[in-house]
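Summary of structural features
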Amino acid sequence: MTIQWYPGHMAKAKRQFKEKLNLVDVVYELVDARIPYSSKNPDIEEMIGNKPHIVVLMKNDLADPKQTKEWVAYYESKGIPAISINAKLGQGLKEVLKLTKEVLEPLNKKRRDKGMKPRAVRAVCVGIPNVGKSTLINRFAGKNIAQTGNKPGVTKAQQWIKYGKELELLDTPGILWPKFEDQEVGKRLAVTGAIKDTLLHIDDITLYAMEYLVKEYPGAIAKRYKLDREEETNQTMPDLLMHISHKRGFREDYDRAAEMILHEIRNGQLGRLTFEKPEDRESDETDD
């Protein structure tokens with residue numbers, strides 16, 4: 001199963017992002033807290049160069065809180081300021097502003113030393129599709145200015161939004177990169193909804209997610225679908241999927257069951273889940 005999605009508007013968005021970089025003070029690089037490495041576009045760091053930037057782990061209400069803390073620590077250990085937030089509820093916005101001021105203090109000191117007047121911070125939000133950029137901007141704005149949706153590809157153009165006198169935010173469309181060198185990355189992006197479902201074999205993605213849950217979150221599937229633990233562990237994933245289909249009254253409708261399970265995983269109905277660990281990255285980096 002090879003996963004790839006790089007429509008023409010993403011190449012255009014990438015060009016526009018690079019053109020706007022000289023207008024902003026700081027980059028908010030948004031990643032999905034459930035996959036903080038796989039949702040981090042490797043092209044972005046290269047594009048922003050030395051521009052101050054903060055990694056913002058979005059959707060922390062859906063992610064394993066222990067793993068989220070470890071991922072924040074992981075990025076900070078790499079010299080990248082990081083913070084996790086729940087933009088839907090507006091939790092963490094003040095902390096983002098506080099961290100922004102800390103990151104920009106050297107720049108602001110230079111401006112003060114030159115006698116320049118204080119002005120609003122200019123920031124750009126960038127990240128993969130469906131990571132929550134527009135939700136974050138709407139929370140800062142206090143109203144629905146940026147279009148949102150629980151699917152990739154909603155934001156099509158760039159737009160500036162003001163947050164009082166403190167912050168000016170530039171929204172951008174989601175940007176993926178032309179080729180996933182590691183297909184595990186593509187699968188994780190598919191599980192969390194960053195790639196259009198119409199491009200995927202949903203049953204394959206669901207089976208991939210289920211296999212991970214059985215290994216890393218034992219009991220999560222059994223609890224949600226009222227199974228015995230033996231039913232969760234003593235079957236192949238296709239057999240388990242079919243068993244859940246029968247339990248839910250779908251009979252032999254394997255595809256319907258796969259869609260339901262994937263939808264419920266994405267929406268947190270099987271618990272707060274993270275699909276990769278910092279220690280896996282550290283192991284890969286040591287091997288390199």
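Let me sum up the structure you'll find in this document.

What counts and how
- Residues numbered from 1 in each chain as written.
- Predicted model: local features only at pLDDT ≥ 70, side-chain atom pairs only at ≥ 80, totals over all residues.
- Heavy atoms only, no water.
- Core = buried A, V, L, I, M, F, W, Y, C linked by side-chain atoms within 4.5 Å.
- Buried < 20%, exposed > 50% of the residue type's maximum accessible area, 1.4 Å probe, protein only.
- Helix = DSSP H or I, 4+ residues; strand = E, 2+ residues; numbered from the N terminus.
- Contact = heavy atoms within 4.5 Å.
- 1 Å grid on protein atoms, 1.4 Å probe; cavity = no way out; pocket = protein on both sides within 12 Å on 5 of 7 lines; lining within 4 Å.
- Points joined across faces, edges and corners; volume = space filled by probe spheres on them.
- Nonpolar A, V, L, I, M, F, W, Y, C, P; charged D, E, K, R; others polar.
- Phe/Tyr/Trp six-rings, centres within 6.5 Å; stacked < 30°, edge-to-face > 60°.
- Lys NZ or Arg CZ within 6 Å of the ring centre and 35° of its normal.
- Arc of directions from axis to C-beta.
- Pairing = 2+ DSSP bridges.
- Axes fitted to C-alpha atoms, helices over the stretch in contact; angles between N-to-C directions.
- Parallel < 35°, antiparallel > 145°, perpendicular 65-115°, else oblique.
- Salt bridge = Lys/Arg side-chain N within 4 Å of Asp/Glu carboxyl O.

Turning to the nonpolar core, a few remarks are in order. In this structure, Tyr28 and Ile221 are the most contacted members of the largest nonpolar core, which totals 66 residues. With nine residues, the single largest contributor to this core is helix H7 (residues 202–216). Apart from the residues within four sequence positions on either side, tyrosine 28 is in contact with Ile54, Val56, Val96, Thr100, Ala123, Val124, Cys125, Val126, Leu167 and Leu169.

Right, let's get into empty space enclosed by the protein. Counted according to the given criterion, the structure contains one cavity of 30 Å³ or more. Volume-wise, the largest cavity comes out at about 30 Å³. Among the residues forming the lining of the largest cavity, the class breakdown is four nonpolar, three polar and one charged.

Moving on, we come to the packing of aromatic side chains. Considering all chains together, one arrives at five aromatic pairs under this definition. A ring pair is formed by tyrosine 74 and tyrosine 75, whose centres lie 5.1 Å apart and whose planes are at 75°; its orientation type is edge-to-face. As far as the burial class goes, tyrosine 74 and tyrosine 75 line up, both buried. Members of the aromatic cluster, each reached through a chain of ring pairs, are Trp71, Tyr74 and Tyr75. Over the aromatic face of tyrosine 37 sits the side chain of arginine 281, whose NZ or CZ is 3.8 Å from the ring centroid.

Attention shifts here to helix H5 (residues 133–141). Most of H5 sits out of view: seven of its nine residues are buried. When we look at burial in H5, the residues that qualify are Lys133, Ser134, Leu136, Ile137, Asn138, Phe140 and Ala141. Looking one or two residues past H5, glycine 142 carries a phi angle of roughly 80°, positive in sign.

Moving on, we get to helix H10 (residues 237–247). Of the residues making up H10, those classed as buried are Met237, Leu240, Leu241, Ile244 and Ser245. Looking down the long axis of H10, one finds its buried residues gathered within 145° of arc, a one-sided arrangement. Elements in contact with the buried residues of H10: H7, helix H8 (220–224), helix H9 (229–233) and helix H11 (254–266). Directly beyond the C-terminal end of H10, a positive phi value near 80° is found at glycine 249.

Assignment of secondary structure puts asparagine 60 in the loop between strand E2 (53–58) and helix H3 (65–77). If near-sequence neighbours (up to four positions away) are discounted, asparagine 60 is found in contact with Ala33, Thr68, Ser84, Ile85, Asn86 and Arg272.

Our focus in this paragraph is the pairing of strand E6 (residues 167–171). Counting buried residues along E6, four of its five residues qualify, which places the element largely inside the surrounding structure. Sheet topology note: the strand E4 (residues 121–127)/E6 ladder contains four bridges and is parallel. Of the residues in E6, the one forming a bridge with valine 124 is leucine 170.

Axis separation between helix H4 (residues 93–113) and H5 bottoms out at 11 Å; the angle between their running directions is 90°. Here H5 runs roughly perpendicular to H4, going by the angle between their axes. Here Leu93, Val96 and Leu97 of H4 lie close against H5, whose contacting residues are Leu136, Arg139 and Phe140. Residue composition of the contact of H4 with H5, grouped by class: five nonpolar, no polar and one charged.

Attention now goes to the pattern of salt bridges. Tallying each qualifying case throughout the model produces 17 salt bridges. With a shortest N-O distance of 2.7 Å, glutamate 45 and lysine 40 are connected by a salt bridge. By relative accessible area, which is 11% here, lysine 40 ends up buried. Across the salt bridge formed by glutamate 168 and arginine 122, the nearest N and O atoms sit 3.7 Å from each other. Taken together, the residues glutamate 168 in strand E6 and arginine 122 in strand E4 connect sequence positions 46 residues apart. Overall, glutamate 168 belongs to the partly exposed group, its relative accessible area being 21%. For arginine 122, a relative accessible area of 31% puts it in the partly exposed group.

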